[in-house]
Structures are given as C-alpha cells and as structure tokens.
Amino acid sequence: MRALVVVGLLAVLALTFVVVAVVRDSQSGVGAAKGCPDGWPLADVTLHEPKDVKINVLNATDEPGRAGTVADDFRNRKFQVQKVGNAPKGIDDVAVLQYGPKGVGSAHLLRAYFLDNAESKYDEKRTDDVVDVVLGNGFQQLATTTEVNQSLGDLGSPVAPPGSCPSPPADN
C-alpha cells in the first residue's frame, strides 16, 4: 500500500514537471521564421497529405508515354496532377524532384514514393507550390503504401533547405 502511495506521488510530480516545462517553453516558435535573415525565402516544411500535393509528371526516360502511366498512378493515390509531358533531356537516375520554397514539404513526401532514391533539386527563386517529378531511366515503380510509410519514418520531418527558413505553421 505504501509503495502505491509513493508511485502515485511520483506520477503527480512528474506530470506537474511536464506541465510547467511546456508552459514555460521559451523555444516555441524557434526555427519558424523568427530571426530569419532578410531576403531568405520561407520554406513550407509541412508534411502534406497526397490530396494537398500538386505535381507535374515529366518523362525523361527512353519509354514513350511513361509520364502518363505514372501520372495515373499518382492520381490513384490522390495527388493533384497538374501537367503531364516530356522533359527536355533524358536522365539515367530514378527521378528528379524539382521544387521551390513552397514545395519543400510536398517534395519530402514524394521522396518517400521513390524510397529516397530521387534526386532533389531545390530552386529558391521558384514561387509556386508545385513539384516537378522528372522520371528517369532508373525508375521502376512507385513504392507501396507500406513502403512509403516506412520510408517516411526513415526520412523524418521535412527541413528547410540551406539559405531558407521554415515558415510559421498555418493557423487552422
């Protein structure tokens, strides 16, 4: 009985400590645009759901029509496919993801669909929130839902690219 009282008291003290630490947290908002140097773009580091991700799918493979097939796969996974077409030049990689500050979180999600085998090309001057998915000759297929979830766990949270700052979270 006495041990139960001690355990209960320790639990109450631990809970009190946690509440005080959260309330007095001086780091809330750190890394979210406060102290960002002038002229640095604000990167959207929110990990979006597929239904909120806009993409262009471009074929840079030797196989005609590949972008259309993969675009359909992305549509079936609820992505917003904006454009489908051919890239100006072929690539041998699995894929290249091209995006700007507003597409950082979306590109992070897309990396999981390529099991982190897609090259990322960040352009700080790009102003839209669309990610260009350029398919290369090394591409086989998109990852399964289970593989995507595992890959997201391995990737962790999206981070602002060098030379940018994380944008403050949107108010819901």
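Please refer to the structure higher up on the page.
What you see is a predicted model, and the numbers here were worked out from it, not measured in a lab. Just so you know, the residues in each chain are numbered from 1, in the order the chain's sequence is written. Only residues with pLDDT of 70 or above have their local features reported here, since the model is predicted, and side-chain atom pairs are shown and tallied only from 80 upward, although totals for entire chains, interfaces and linings are computed over all residues. No hydrogens and no water enter the side-chain calculation; it runs on all heavy atoms of the structure.

Asks: Describe the overall build of the protein chain, listing the residues and the values that go with them.
Replies: Tallying secondary structure elements over the protein chain gives 4 helices and 7 strands in all. Only DSSP runs of H or I with at least four residues qualify as helices, and only runs of E with at least two residues qualify as strands; both kinds are numbered from the N terminus onward. The secondary structure elements of the protein chain, listed N-terminal to C-terminal, are α-β-β-α-β-β-α-β-β-α-β. Between buried and exposed lies partly exposed: a residue is buried under 20% and exposed over 50% of the maximum accessible area for its type, with that area taken using a 1.4 Å probe on protein chains only. Expressed as a percentage of the 172 residues in the protein chain, the buried residues total 35%. Only heavy atoms enter the contact rule, under which two residues are in contact if any of them lie within 4.5 Å. In the protein chain, of all internal contacts separated by at least 6 residues, the share reaching a separation of at least 24 is 81%. Working definition of accessibility: Shrake-Rupley area with a 1.4 Å probe, residue cover restricted to the visible protein chains. Just so you have it, the protein chain exposes about 10700 Å², and 54% of that area is on carbon and sulfur atoms.

Asks: Can you tell me about the state of the cysteines, naming the residues and giving the values?
Replies: The rule for a disulfide is simple: a pair of cysteine sulfur atoms within 2.5 Å. Per the stated rule, a full pass over the model turns up 1 disulfide. Between the sulfur atoms of Cys-36 and its disulfide partner Cys-165 the distance amounts to 2.1 Å. Around the S-S axis, the bridge from Cys-36 to Cys-165 shows a dihedral of about 95 degrees and counts as right-handed. Highlighted residues: Cys-36 in the loop between helix H1 (2-23) and strand S1 (42-43) and Cys-165 in strand S7 (residues 165-166), separated in sequence by 129 residues.

Asks: Give a description of the pairing of strand S3 (residues 80-86) that names residues and reports values.
Replies: Successive side chains on a regular strand alternate, one facing one side of the sheet and the next facing the other. Bridge analysis of strand S2 (residues 54-59) against S3 gives 6 bridges, and the strand direction is parallel. Opposite Ile-55, over in S3, you have Val-81 as the bridge partner. A crossover gets the label right-handed when its path from the first strand over the helix to the second runs clockwise, viewed with the strands pointing away from the viewer. Once you follow S2 into helix H2 (residues 66-76) and on to S3, the crossover reads as right-handed. Here, a strand pair is defined by DSSP locating no fewer than two bridges between the strands.

Asks: Give me the packing of aromatic side chains: which residues, what numbers.
Replies: In summary, the pairing rule links any two rings of Phe, Tyr or Trp, Trp by its six-membered ring, whose centres are within 6.5 Å, and it sorts them by plane angle into stacked for under 30 degrees, edge-to-face for over 60 and tilted for everything else. Following the criterion strictly, the structure yields 6 aromatic pairs and no others. Seen in terms of ring centroids, Phe-74 and Phe-114 are 6.3 Å apart; in terms of plane orientation they differ by 55 degrees. Their pairing is tilted. Separated by 40 residues along the polypeptide, Phe-74 in helix H2 and Phe-114 in the loop between helix H3 (104-113) and strand S5 (118-122) bring together distant segments of the chain. Of the residues examined, Phe-74 reaches a relative accessible area of 0% and is grouped as buried. Ring centres of Phe-79 and Tyr-113 lie 5.1 Å apart, and the angle between their planes is 85 degrees; this geometry places the pair in the edge-to-face category. Placement of Phe-79 in the loop between H2 and S3 and of Tyr-113 in helix H3 is noted, with a sequence separation of 34 residues between them. The exposure class assigned to Tyr-113 is buried, which follows from its relative accessible area of 9%.

Asks: Which residues make up the environment of Leu-109, and what values do they have?
Replies: With respect to the element layout, Leu-109 can be found in helix H3. Distance in space between the C-alpha atoms of Leu-109 and Pro-50 is 8.0 Å, their sequence separation being 59 residues. Excluding residues that lie within four positions of it along the chain, Leu-109 makes contacts with Leu-47, His-48, Glu-49, Pro-50, Val-53, Phe-79 and Leu-152.

Asks: I'd love a proper account of the pattern of salt bridges, names of residues and values included.
Replies: For this analysis, a salt bridge means a side-chain nitrogen from Lys or Arg found within 4 Å of a carboxyl oxygen belonging to Asp or Glu. Counted under the stated rule, the structure contains 8 salt bridges. Asp-72 is the salt-bridge partner of Arg-75, the closest N and O atoms lying 2.9 Å from each other. Note that Arg-75 and Asp-72 are positioned in helix H2 at a spacing of 3 residues, about one turn of the helix. For the salt bridge of Glu-124 with Lys-125, the shortest nitrogen-to-oxygen distance reads 3.9 Å. A relative accessible area of 66% means that Lys-125 is categorised as exposed. Via salt bridges that share partners, Arg-126, Asp-128 and Asp-132 belong to a single interconnected network.

Asks: An account of H3 is needed here, citing residue identities and associated values.
Replies: The element H3 is largely enclosed, with a buried count of 9 among its 10 residues. Every buried residue of H3 is listed here: Val-104, Gly-105, Ser-106, Ala-107, His-108, Leu-109, Leu-110, Ala-112 and Tyr-113. Count one or two residues on from H3 and you reach Leu-115, which has phi positive near 50 degrees.

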